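# Structure at a glance
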Amino acid sequence: MAAVTTIDLPGLTKIATGKVREMFVDEADKSSLLFVATDRISAYDVVLENGVPNKAAVLTQLTAYWFSVLTKHGALAGQTAPLSTHLLSLTPGPTAHLSAAERDILRGRCMRVRRLRMFPVEAIVRGYLAGSAFAEYSSKGTVHGEPAGVADANGVIRFPLGMVRCQKLPAPVYTPSTKAELGAHDENISRAQAAELIGNPAHAARIEELALAVYSAAAEHALKRGVIIADTKFEFGLDEETGEIVLADEVLTPDSSRFWVADQYEAGREQDSLDKQFLRDWLVREGLKGKEGVKMPADIVEQTSKRYTDVYERLTGQTLEDALAKIE
Ligand code: ATP
Ligand code: MG
């Protein structure tokens, strides 16, 4: 399957383009969205010129896999209400405005989802101290503005002193950030600032509760399959009809999470990323890190695609081909 980096569906209205996805609505049904992943890939914050075959299918099918695991009875401990997700179907549904050729392009890479009012925060959960959190910890002694080594109101020290790069935290922590517009960087914020952006204390509490419960259940599941989920980002939205807080967007994918190979993990150094390390190493070797307009040669594309597929297969225990064959 060739990589697809732009998607236009003339019968539907494109309402948004993100770094990776395109969103469409059918003028006849505005309560749902067609949520479509492209094969675009970014590294060091720059989107490459060409795409990676099967990447969109990996992101979409992995999200669907997690939704199914996480909504099983008893999957999440101690919830005040069951988890609900935005997924309606893995096919475009009965819209009259798609040709057979367009349905073919959408196969495996789209979801029909509930259209939600998204909260303007990224609900990040960290099990390990990596990335921007470690950078802030080592330069300022804080994480998302919270001082390390200080107990919170419950007497818990969320960020002990003396931690090294990529060290496991005493317990998973909820560390939200802002959700920047396309092209800008997200900013790490405190839980109180996030609650203010969310606008309703009950919604903020539910988002934190769900984010932590979903991370913990998924991290346990992944570890059994040899993968550490070091951290991940969730997005939640409000279903304005039911008042429910709904888990939306992509979930626990290589684009929204740091995945490490468990038996190669060692605190105190950077860890290789399961999916993108190969591409990053090539960019650095070629002096292309952070440059715009870079086109990957065929072997780099192929190897990167293979790595995305491997991540899917490790985490789900099934081949991507088998998952795709199950979609009508
Ligand atoms: P990145 O994921 O790289 O930070 P991005 O989020 O801008 O960038 P995409 O993932 O390409 O880009 O786009 C998905 C967009 O769809 C996000 O803005 C997300 O908040 C929004 N979204 C996700 N699920 C829903 C939903 N059910 N209803 C409405 N909007 C949604
Ligand atoms: Mg996104």
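Residues numbered from 1 in each chain as written. Chains lettered and ligands numbered in written order. Predicted model: local features only at pLDDT ≥ 70, side-chain atom pairs only at ≥ 80, totals over all residues. Heavy atoms only, no water.

The subject of this paragraph is helix 5 (residues 201-224). One full turn of an α-helix is made of 3.6 residues, so residues set three or four places apart face in the same direction. End to end, helix 5 covers 35 Å across 24 residues, agreeing with the expected 34 Å (1.5 Å per residue, within 8%). For helix 5, the capping residue at the N-terminal end is Asn-200, with a side-chain oxygen 2.8 Å from the backbone nitrogen of Ala-202. (Helix = DSSP H or I, 4+ residues; strand = E, 2+ residues; numbered from the N terminus. Expected span 1.5 Å × (residues − 1). Polar contact = N/O pair within 3.5 Å; in protein donor to acceptor, adjacent residues only side chain to side chain.)

This paragraph deals with the site of ligand 1. The local shell around ligand 1 holds 18 residues, among which Lys-19, Arg-21, His-86, Arg-114 and Glu-235 are the closest. In this structure, Leu-116 approaches ligand 1 through a main-chain N or O atom, which is 3.2 Å from a nitrogen atom. One of the backbone nitrogen or oxygen atoms of Asp-249 is found 3.2 Å away from a nitrogen atom of ligand 1. Summarising the interface, the protein chains cover 84% of the accessible area of ligand 1, which totals 620 Å² for the free molecule. At the level of secondary structure, the elements contributing two or more residues to the shell around ligand 1 comprise strand 2 (21-26), strand 3 (29-37), strand 7 (110-114) and strand 14 (227-238). (Near = heavy atom within 4 Å. Areas by Shrake-Rupley, 256 points an atom, 1.4 Å probe, with all protein chains shown as cover.)

Right, let's talk about the sheet that holds strand 2 for a bit. Taken in spatial order, the five strands of this open sheet run 1-2-3-7-6, and their pairing is antiparallel. At either margin of the open sheet sits one strand with a lone partner, and together these are strand 1 (13-17) and strand 6 (87-89). The average undirected angle you get between the axes of adjacent strands in this sheet is 35 degrees. Summarising the sheet, strand 2 and strand 3 pair through five bridges and their orientation is antiparallel. Of the residues in strand 3, the one forming a bridge with Glu-22 is Val-36. (Pairing = 2+ DSSP bridges. Axes fitted to C-alpha atoms, helices over the stretch in contact; angles between N-to-C directions.)

As a packed pair, helix 6 (residues 277-285) and helix 7 (residues 298-316) sit with axes 9 Å apart at the nearest point and diverge in direction by 150 degrees. Between helix 6 and helix 7, the crossing angle belongs to the class labelled roughly antiparallel. Contacts between helix 6 and helix 7 involve Phe-278, Leu-279 and Trp-282 from the former and Ile-300, Gln-303, Thr-304 and Arg-307 from the latter. Here the residues of the contact of helix 6 with helix 7 sort into four nonpolar, two polar and one charged. (Parallel < 35°, antiparallel > 145°, perpendicular 65-115°, else oblique. Contact = heavy atoms within 4.5 Å. Nonpolar A, V, L, I, M, F, W, Y, C, P; charged D, E, K, R; others polar.)

Turning to the pattern of salt bridges, a few remarks are in order. For the structure on display, the rule yields 22 salt bridges. Across the salt bridge formed by Glu-209 and Arg-206, the nearest N and O atoms sit 2.5 Å from each other. Taken together, the residues span about one helical turn, with Glu-209 and Arg-206 both in helix 5 at a distance of three residues. Looking at Arg-206, the relative accessible area reads 13%, which means it is buried. (Salt bridge = Lys/Arg side-chain N within 4 Å of Asp/Glu carboxyl O. Buried < 20%, exposed > 50% of the residue type's maximum accessible area, 1.4 Å probe, protein only.)

This paragraph deals with the packing of aromatic side chains. Two aromatic rings, taken as a pair, are described by how far apart their centres are and by the angle between their planes. Counted under the stated rule, the structure contains six aromatic pairs. For the ring pair Phe-134 and Tyr-137, a centre distance of 6.3 Å and an interplane angle of 25 degrees mean the geometry is stacked. Linking Phe-134 with Tyr-137, this pair stays in helix 3 (residues 131-140), spanning three residues, or about one helical turn. The same class applies to Phe-134 as to Tyr-137, namely buried. Note on Phe-234 and Phe-236: the rings are 6.4 Å apart at their centroids and 55 degrees apart in plane angle, and the pair reads as tilted. Here the two residues Phe-234 and Phe-236 agree in accessibility, since each one is buried. Taken together, the ring pairs connect Tyr-128, Trp-260 and Tyr-265 into an aromatic cluster. When the ring centre of Tyr-44 is taken as reference, the NZ or CZ atom of Lys-289 above it lies at 4.7 Å. (Phe/Tyr/Trp six-rings, centres within 6.5 Å; stacked < 30°, edge-to-face > 60°. Lys NZ or Arg CZ within 6 Å of the ring centre and 35° of its normal.)

Remember that the coordinates give geometry; whether it matters functionally is a separate question.
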